[in-house]
Amino acid sequence: MSKFTKKVMSAVTLGAAAFMMAGCSVAKNSGSKGTTQAHDVVKIGANLELSGAAAGYGNAERQGVQLAVDEINKAGGVNVNGHKKKIKLILRDNKSAIATSSSVAAQLTTKDKVAAIVGPATTSAGTAEIPNITKAAVPSVSPSATDSKYTLQKDGKVQEYVFRACFQDNFQGTKAAEFVMDKLKAKRVAIYADNSSDYGTGLAKAFQNTYKGKVVANQTYSAGDKDFNAVLTSFKSKNVDAIYVPGYYTEVGLIIKQARQMGIKVPIVGGDGMADPKLPQIAGPKNATNIFYTTPFSTRVAAKDPFASKFMKAFKARYHTDAPAFSALAYDAVYLVKNAIETQKSDDSVKITAGLAKTKNFKGVTGEITIDKKHNPERPIITEEMTNGKISNFYKVD
Amino acid sequence: MQIVLQQIINALSLGSIYALLALGYSMVYGIIKLINFAHGDIYMLGAFCAYYVISLWHFNFITALLTAMIVSALAGVVIEYFAYRPLRKSPRIAVLITAIGVSFLLENGMSYLVGSNARSFPQVMEQVNYNIGGIVISNIQILILATALILMVLLQVIIKKTKMGRAMRAVSVDPDAAELVGVNVNHTISFTFALGSALAGAGGILIGMYYNQIDPLMGMTPGIKAFVAAVLGGIGSVPGASLGGFLIGILETFFQSIGLSAYKDAVVYFVLIVILLFLPAGIFGKNTKEKV
């Protein structure tokens, strides 16, 4: 190593050390539970899947979070007991990995001393975060961890610091089954679920428990699969009335494409993992007809709502694409935290937790949210219908 | 009967992609005894290259295919030169670990550069379905099969009939002896990488067209399955790799069609274990005893 590099290295190390110490001195822990914030800024952490397998969802949520934070700061900041504070967003990547999510949570709570965490996008990364945030008494709002047991401890008691903005799998699967029975009047369905996520299997299970008709085939695929022809050929020979495909748009898009090209014309029904503008692009617009999915956020409903349409416009102006449901939920997650800070008149993490648990009739872009005893949002569910790649109709169920 | 035939068509189009990928694994292994785990990611690079030339410069299928193959070939040669060549005399495990490192570099590098979202592949040609007695086959499926077969025959001709092919065979038997009789080992190995990677690149664009979707991690699973195909056919054997690819395609399709889709990947890896236990040389592999 040359002398020069040595000098640079030691300077960098010193700088880094100084920076870390500065970080410690800013947010002193008052000795009691939880984190407290400095005088003029509220730190909010984001533990998101910015790379790895779930990066598509993590990045969509990052966009929603950043939009919300910038908007709040532009309007002066969060009102903490009459004193306006700017939000400082600390964005960390959990690489879609369980172990990294847990260490990111530790960094955010002990090193960065954030007031609250938004994220992660997936249930598995979210569950990995729980021990660390509970120890630090910092609340976390996941925009999209939908597993029914996510907010609960093993014995059924609620996880004190765990919240979510989306609805849970049981609810969504049940509503999809009711929709298939009542609106589509399907007597024979095939289920084709993503078995690499709790999301896919959870929805499939809830659907099967509610659905009264005949489930003629129950098959699964894994995330990353691209060829569904073999299974779809077998569905075709069984004359199904509808196909239920709980999973994410990357694979469901391909399933739709391959089914339609094979001549399967029956309705294809899925969950909010499909609610992304890329779905019709992947499936091909012509193929994306007679498609239904349950979602917390509908662009059609949003267009009629002044609050949500403002969000849609801001999102489009900044990212040049229609807002996917993931971004809308992440946006709401940030505002849920802001709302909790303002109603509690405090930015202590413990107080925010109490505020989040008491959230009532919170007006988000994805509809009105009331957090129930199990930290699940009570919110309306919408079923969207897609024709030629465009949302052609929607059914709202309260 | 119709369903059976339909499933056979599904199996063949899936199998031909595995076969194209397996050929690259097999060739590289045959020559430098390295399992090039970055091979699946070269296939991803080929798909992305085709994506860009088609959507930016509106290349047609043939020119896009050739560009993807050339770019992948270059990538293969560059990777060999920088990552594997310096380690030629080191233990095999070191090179193997490097290959895994290169694979991660390509996957995460591309995720960083282009984003990890899945994107739809531009339609180079309109899909037309032909209905022959209730069996649906699309022009793209025919194209995939035809391209794969042509490339396999071409590869066989290169290996068996050309001077470079002879050099490749010589190096695979004994690199030192080949060098003694005047074969440039480095060039031969580079050429092998170029050839194998070009095939992977071709697989990439075919997959892009067929499934209409690409992403930076698309090479992971097919890469591993193609590796199984290469082992099944007899790693190091070119006809073996083609056969192995088709067999894996058929196996997967069969298990999905009888309703055991949850086990389709498990079955492929189970086959790998069985082959390694009972027929380690594969179907076409030479069962040579190592002399001590």
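- Its UniProt record gives chain B the following Subcellular location (unreviewed entry) comment, quoted word for word: "Cell membrane".
- Recorded in UniProt under Sequence similarities (unreviewed entry), the annotation for chain B is "Belongs to the binding-protein-dependent transport system permease family. LivHM subfamily."

Some points on the sheet that holds strand β12 (residues 362–364) of chain A
Residues and elements named next belong to chain A.
Here is step 1: With antiparallel pairing, the three strands of this open sheet are ordered in space as β12-β13-β14. If you trace the sheet from one side to the other, it starts and ends with β12 and β14 (377–378), each paired once.
Here is step 2: Sheet analysis places strand β13 (residues 367–371) next to β14, joined by two bridges and oriented antiparallel. Paired with Thr370 across the strands is Glu378, a residue of β14.
Here is step 3: Lying over the sheet, helix α12 (residues 325–344) contacts β12 and β13, oriented at roughly 150 degrees with respect to β12.

Overview of the interface of chain B and chain A
Here is step 1: Taken together, the contact pairs 30 residues of chain B with 32 residues of chain A.
Here is step 2: Of all residues in chain B, B:Tyr211, B:Gln213 and B:Gln256 bury the most surface against chain A, accounting for 22% of the area lost on that side.
Here is step 3: Between chain B and chain A we count two salt bridges in total.
Here is step 4: A salt bridge links A:Asp225 to B:Lys264, with the nearest nitrogen and oxygen atoms 2.6 Å apart.
Here is step 5: Summed over the shared surface of chain B and chain A, the number is twelve residue pairs in polar contact (both at pLDDT 80 or more).
Here is step 6: Elements with a minimum of two residues in the side of chain B that touches chain A: α1 (2–32), α8 (185–211), α10 (238–257) and α11 (264–278) of chain B.
Here is step 7: By residue number, the principal contributor to the side of chain B that touches chain A is α1(B), which donates five residues.
Here is step 8: Residues that form the side of chain B that touches chain A fall into these classes: ten nonpolar, 16 polar and four charged.

Points about a nonpolar patch on the surface
Residue and element names in this part refer to chain B.
Here is step 1: Together, Leu243, Leu247, Ile250, Phe270, Ile273, Val274, Leu277, Phe278, Leu279, Ile283 and Phe284 line one region of the surface with nonpolar side chains, adding up to about 1,000 Å² of accessible area.
Here is step 2: Looking at the nonpolar patch, the elements that each hand over two or more residues are α10 and α11.
Here is step 3: With five residues, α11 is the single largest residue contributor to the nonpolar patch.
Here is step 4: Residue placement: Val274 occurs in helix α11.
Here is step 5: Looking at Val274, the relative accessible area reads 31%, which means it is partly exposed.

What to know about the pattern of salt bridges
Here is step 1: This model, assessed by the stated rule, comprises 15 salt bridges over all chains.
Here is step 2: Measuring nitrogen to oxygen at the nearest pair gives 3.3 Å for the salt bridge that ties A:Lys226 to B:Asp215. Here A:Lys226 is found in the loop between β8 (214–221) and α7 (229–237), whereas its partner B:Asp215 is found in the loop between β4 (213–214) and α9 (220–233) on a different chain. Residue A:Lys226 shares its accessibility class with B:Asp215, and that shared class is buried.
Here is step 3: Two residues, B:Asp265 and B:Lys225, come together in a salt bridge whose shortest N-O distance is 2.9 Å. One end of the pair, B:Asp265, is in helix α11; the other, B:Lys225, is in helix α9, with 40 residues separating them in the sequence.
Here is step 4: Relative accessible area serves as the criterion here: at 17%, B:Asp265 is assigned to the buried category.

Quick look at a positive patch on the surface
Residues and elements named next belong to chain B.
Here is step 1: A cluster of basic residues, Lys160, Lys163, Arg166 and Arg169, forms a positive patch at the surface.
Here is step 2: Here the element with the most residues in the positive patch is helix α6 (residues 163–173); it accounts for three residues.
Here is step 3: If you trace the backbone, Arg169 turns up in helix α6.
Here is step 4: Arg169 gets classed as partly exposed once you look at its relative accessible area, which sits at 33%.

Details of the sheet that holds strand β2 (residues 78–80) of chain A
All names here are of chain A.
Here is step 1: If you trace the six strands from one edge of the open sheet to the other, you get β2-β3-β1-β4-β5-β6, paired in mixed fashion. The sheet is open, and its two borders are formed by β2 and β6 (162–164), each paired with just one other strand. Going from strand to strand, the sheet's axes swing by 35 degrees on average, the running direction of each strand aside.
Here is step 2: Here β2 runs beside strand β3 (residues 83–93); their pairing, made up of three bridges, is antiparallel. Along β3, the bridge assignment pairs Asn79 with Lys84.
Here is step 3: Those strands touched by helix α2 (residues 55–74) are β1 (41–48), β2, β3 and β4 (116–118), and its axis lies near 165 degrees from that of β3.
Here is step 4: Contacting β1, β3 and β4, helix α3 (residues 98–111) crosses the sheet at an angle of about 150 degrees to β3.

What about the pairing of strand β11 (residues 291–295) of chain A?
Residue and element names in this part refer to chain A.
Here is step 1: Summarising burial for β11: five of the five residues are buried, a large majority.
Here is step 2: Burial along β11 is two-sided: Ile291, Tyr293 and Thr295 and Phe292 and Thr294, pointing in opposite directions, are all buried.
Here is step 3: Relative to β11, strand β10 (residues 268–270) runs parallel, the two being bridged by three bridges. In the strand pairing of β11, Gly270 is matched with Tyr293.
Here is step 4: Between β10 and its parallel partner β11, the chain crosses via helix α9 (residues 278–283), and the hand of that crossover is right-handed.
Here is step 5: The pairing of β11 with strand β15 (residues 381–387) spans five bridges and is classified as antiparallel. Of the residues in β15, the one forming a bridge with Phe292 is Glu385.

Some remarks on the pairing of β3(A)
All names here are of chain A.
Here is step 1: Note that β1 and β3 share eight bridges and pair parallel. Note that in β3 the partner of Asn47 across the bridge is Arg92.
Here is step 2: Between β2 and β3, which pair antiparallel in sequence order, lie two residues; one of them, Asn81, sits at a positive phi of approximately 50 degrees.

A word on the packing of aromatic side chains
Each aromatic ring pair is specified by the distance between its two centres and by the angle formed by the two planes.
Residues and elements named next belong to chain A.
Here is step 1: Here the structure, examined in full by the defined rule, presents 27 aromatic pairs over all chains.
Here is step 2: When the ring of Phe315 is compared with that of Tyr319, the centres are 4.8 Å apart and the planes differ by 50 degrees; the resulting orientation is tilted. Placement of the pair is Phe315 and Tyr319 together in helix α11 (residues 306–319), with a separation of four residues, close to one helical turn.
Here is step 3: Residue Phe315 is classed as buried on the basis of its relative accessible area, which comes to 0%.
Here is step 4: What links up through ring pairs into an aromatic cluster is the set Phe297, Phe311, Phe315, Tyr319, Tyr331 and Tyr335.

Comments concerning the domain arrangement of chain A
Residue and element names in this part refer to chain A.
Here is step 1: Taken domain by domain, chain A comprises domain 1 (30–167 + 306–380) and domain 2 (169–295).
Here is step 2: Contacts between the two partners involve eleven residues from domain 1 and, on the opposite side, 14 residues from domain 2.
Here is step 3: Note on domain 1 versus domain 2: buried area summed over both sides is about 1,200 Å², and carbon and sulfur give 58% of it.
Here is step 4: Looking only at domain 1, the three residues that lose the most surface to domain 2 are Tyr57, Thr146 and Phe167, adding up to 44% of its buried area.
Here is step 5: For the pair domain 1 and domain 2, the interface holds zero salt bridges.

Some points on α3(A)
All names here are of chain A.
Here is step 1: For α3, spanning 14 residues, the distance from its first C-alpha to its last is 19 Å, which sits close to the expected 20 Å at 1.5 Å a residue.
Here is step 2: Every buried residue of α3 is listed here: Ser101, Val104, Ala105, Leu108 and Thr109. Buried residues of α3 fall within an arc of 120 degrees about the axis and therefore sit on the same side. In this structure, α3 carries Ala99 and Thr110 as exposed residues pointing more than 90 degrees from its buried face.
Here is step 3: Along its buried surface, α3 packs onto β1, β3, β4 and α4 (123–136).
Here is step 4: Positioned one or two residues after α3, Lys113 has a phi angle of 50 degrees, which is positive.

Analysis parameters
Residues numbered from 1 in each chain as written. Chains lettered and ligands numbered in written order. Predicted model: local features only at pLDDT ≥ 70, side-chain atom pairs only at ≥ 80, totals over all residues. Heavy atoms only, no water. UniProt positions renumbered as here; feature names shortened; annotations may be inferred. Pairing = 2+ DSSP bridges. Helix = DSSP H or I, 4+ residues; strand = E, 2+ residues; numbered from the N terminus. Contact = heavy atoms within 4.5 Å. Axes fitted to C-alpha atoms, helices over the stretch in contact; angles between N-to-C directions. Buried area = accessible area lost by both parts, 1.4 Å probe. Salt bridge = Lys/Arg side-chain N within 4 Å of Asp/Glu carboxyl O. Polar contact = N/O pair within 3.5 Å; in protein donor to acceptor, adjacent residues only side chain to side chain. Nonpolar A, V, L, I, M, F, W, Y, C, P; charged D, E, K, R; others polar. Patch = residues over 30% accessible without salt bridge, like charges linked within 9 Å, V, L, I, M, F, W, Y side chains within 5 Å. Areas by Shrake-Rupley, 256 points an atom, 1.4 Å probe, with all protein chains shown as cover. Buried < 20%, exposed > 50% of the residue type's maximum accessible area, 1.4 Å probe, protein only. Lys, Arg positive; Asp, Glu negative; His and termini not counted. Charge placed at Lys NZ, Arg CZ, Asp CG, Glu CD. Right-handed = clockwise from strand over helix to strand, strands pointing away. Phe/Tyr/Trp six-rings, centres within 6.5 Å; stacked < 30°, edge-to-face > 60°. Domains from an automatic or database assignment. Expected span 1.5 Å × (residues − 1). Arc of directions from axis to C-beta.

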